[in-house]
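Now for the letters of each chain:
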Amino acid sequence: LKHLKVLLDQDIDVSTIHNIDTFDYKIYETKEYYYILKEKGIHLRGLAIDFHFLPVISTWLNDFHYLNPANLKILALCNYDFSSHDNCLCCPFTGLEILCLRHAQHLKSVMLLQILHMCPKLKHLDISYCLNLDVSLLNQLSEYLQKEKRSTSLCVYYRMSGLETEIEKVSV
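Residues numbered from 1 in each chain as written. Predicted model: local features only at pLDDT ≥ 70, side-chain atom pairs only at ≥ 80, totals over all residues. Heavy atoms only, no water.

Observations regarding the environment of Arg159
Summarising the element assignment, Arg159 is placed in the loop between strand S5 (155-157) and helix H5 (164-171). Between the C-alpha atoms of Arg159 and Cys130, which are 29 residues apart in sequence, the distance is 8.7 Å. Setting aside residues up to four positions removed in sequence, Arg159 forms contacts with Ser128, Tyr129 and Glu164. (Helix = DSSP H or I, 4+ residues; strand = E, 2+ residues; numbered from the N terminus. Contact = heavy atoms within 4.5 Å.)

Some points on helix H3 (residues 109-118)
Helical periodicity: at 3.6 residues per turn, an α-helix aligns residues three or four positions apart in one direction. Within H3, the full set of buried residues consists of Ser109, Met111, Leu112, Leu113, Ile115 and Leu116. Buried-residue contacts for H3 involve strand S3 (98-100), strand S4 (124-126) and helix H4 (136-147). (Buried < 20%, exposed > 50% of the residue type's maximum accessible area, 1.4 Å probe, protein only.)

Brief notes about the state of the cysteines
Following the criterion strictly, the structure yields 0 disulfides and no others. Cys100 supplies the cysteine sulfur nearest to Cys130, a cysteine that is in no disulfide, at a spacing of 8.2 Å. Classification of Cys130 as buried rests on a relative accessible area of 1%. (Disulfide = S-S within 2.5 Å.)

Some details on the nonpolar core
Soluble globular proteins tend to pack their nonpolar side chains together in the buried interior. Among the nonpolar cores identified, the biggest contains 42 residues, and Trp60, Leu101, Leu107, Leu125 and Ile127 are the most heavily contacted of them. Counting residues per element, the ones that place at least two in this core are helix H1 (31-40), strand S1 (46-50), helix H2 (60-64), strand S2 (74-78), H3 and H4. Here the element with the most residues in this core is H3; it accounts for 5 residues. If near-sequence neighbours (up to four positions away) are discounted, Leu125 is found in contact with Leu99, Leu101, Leu112, Leu116, Leu154, Cys155, Val156 and Tyr157. (Core = buried A, V, L, I, M, F, W, Y, C linked by side-chain atoms within 4.5 Å.)

Regarding the environment of His52
Of note, His52 is situated in the loop between S1 and H2. Owing to a relative accessible area of 28%, His52 belongs among the partly exposed residues under this scheme. Along the backbone, His52 and His103 are 51 residues apart, and their C-alpha atoms lie at a distance of 9.7 Å.

Some words on the pattern of salt bridges
Within this structure, the stated rule accounts for 1 salt bridge. Here Asp126 makes a salt bridge to Arg102, at a shortest N to O gap of 2.6 Å. Note that Asp126 is positioned in strand S4 and Arg102 in the loop between S3 and H3, a separation of 24 residues in sequence. Residue classification places Arg102 among the partly exposed residues on the basis of a relative accessible area of 32%. (Salt bridge = Lys/Arg side-chain N within 4 Å of Asp/Glu carboxyl O.)

Description of the packing of aromatic side chains
In this structure the tally under the stated criterion is 3 aromatic pairs. A ring pair is formed by Phe64 and Phe93, whose centres lie 5.8 Å apart and whose planes are at 55°; its orientation type is tilted. Of the two residues, Phe64 is situated in helix H2 and Phe93 in the loop between S2 and S3; the sequence distance between them amounts to 29 residues. Across the pair, exposure class does not vary: Phe64 and Phe93 are buried alike. (Phe/Tyr/Trp six-rings, centres within 6.5 Å; stacked < 30°, edge-to-face > 60°.)

A few points about the side chain of Ser128
In this fold, Ser128 is placed in the loop between S4 and H4. Separated by 2.7 Å, the side chains of Ser128 and Asp126 make a polar contact. Sequence-distant contacts of Ser128, that is, excluding residues within four places in its chain, are made with Arg102, His103, Tyr157, Tyr158 and Arg159. (Polar contact = N/O pair within 3.5 Å; in protein donor to acceptor, adjacent residues only side chain to side chain.)

Digging into the pairing of S2
Here S2 lies mainly inside the structure; 4 of its 5 residues are buried. Bridge count between S1 and S2: 5 bridges; the pairing is parallel. Looking across to S2, one finds that Ala48 is bridged to Ala76. (Pairing = 2+ DSSP bridges.)

Written out as structure tokens, the structure is:
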């Protein structure tokens, strides 16, 4: 890690928060986010966005064009809603090694397999807390990995995805 920027365009005065449950903790679209994407996006090797805390889903498909998918090694799209943009990862990510889709909403097995086809060097896939996945994904994923001539193994993180019981059955 050479460089890390945390984008907060406001200071939070904790003493003014009367009830933590009613505090608006979201980080709204910042000027810095757009500046970094437009000016530095082509050079980024890693990008992490939590769409719950930084609600830029409405502009994501346009924002994505500032990136160079071939340069990306790490991509985290947490809390991404695939129902609104199911083609958000439709171009080849030839160098992507880590993909985190934690808490993705409306992510389906078919979409996930399409994404895997676009990421031949993927080593780590995090689908933890993706509740729309079903058991068919395990069979499809197994078939896909057997057919593909991958140079590296694929570690899949699936905590609280609903797949735990089925995976434990296979492992026993």
